[in-house]
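# Structural features, examined
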Amino acid sequence: MERVEEYLEAIYDIQEETNKVAKTGELAKILNVKPSSVTEMLIKLRDMGYVDYQPYKGAKLTRKGEEIAKRIKKYYLALYHFFKDYLGIEGELAEKLSCELEHHITEDAFVRVCRIISGNCDVCESCTQEYVSLSNADEGDYEVIVAPSYLTKIGLKPGEVISVVEGEIETQMGRFKIEEGVKRLIILSRF
């Protein structure tokens, strides 16, 4: 399925950039394969209902193919943002990792990544996650969604309810000041 998704994503990119059908030669260049391999795959994709393909004219995604391509693209962009901006991984490596994982990540794992980057990314037209990082949290009570594991010793762990008071947090273990760099790694949901 990974190869199928790569083709669908490449066709999607061509359609988005040029508003035209994807030609065999373009796809061969993007995917670094022979044009004959592209033709074979386009026939398979047509038989699977993912593209409308006519030899010598090109391929265009069907609704079914476009849904898959958009999902894969969304996964890639969110993973790239996560690796680059949250983990500080250099751009080229973040790109490579995202490209590999976009085909293997489950929806549940993707949602967990979204929880971490929610409110700080522009991958989706509108974010469906209703989470906030501690650095952006107003005063009030919150459930901890994501937090570095070393903070469990102060009662800051997923599932726990905490309070944000005067820029500090209150847990069952007391009141604590958290460094600004760590605050953005702590994801909360209004309780």
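The structure contained in this document is the topic of the report that follows. (Residues numbered from 1 in each chain as written. Predicted model: local features only at pLDDT ≥ 70, side-chain atom pairs only at ≥ 80, totals over all residues. Heavy atoms only, no water.)

Under the definition given, this model contains zero disulfides. Between Cys99, a free cysteine, and Cys114, which holds the nearest cysteine sulfur, the sulfur-to-sulfur gap is 18 Å. (Disulfide = S-S within 2.5 Å.)

The sheet contact formed by strand β4 (residues 140–146) and strand β5 (residues 161–165) spans four bridges and is antiparallel. Counted as the bridge partner of Tyr142 is Ile162 from β5. As judged from the four bridges shared by β4 and strand β8 (residues 187–190), these two strands associate in the antiparallel manner. Looking across to β8, one finds that Tyr142 is bridged to Arg190. (Pairing = 2+ DSSP bridges. Helix = DSSP H or I, 4+ residues; strand = E, 2+ residues; numbered from the N terminus.)

This brings us to the packing of aromatic side chains. Across all of its chains, the model carries three aromatic pairs by this definition. Each ring, one from Tyr75 and one from Phe110, has its centre 4.5 Å from the other, and the planes form 40°; the classification is tilted. Of this pair, Tyr75 sits in helix α4 (residues 63–86) while Phe110 sits in helix α6 (residues 107–117), and the two are 35 residues apart along the sequence. When its relative accessible area of 4% is taken as the criterion, Tyr75 is described as buried. Classification of Phe110 as buried rests on a relative accessible area of 3%. (Phe/Tyr/Trp six-rings, centres within 6.5 Å; stacked < 30°, edge-to-face > 60°. Buried < 20%, exposed > 50% of the residue type's maximum accessible area, 1.4 Å probe, protein only.)

These figures come from the coordinates and say nothing about function on their own.
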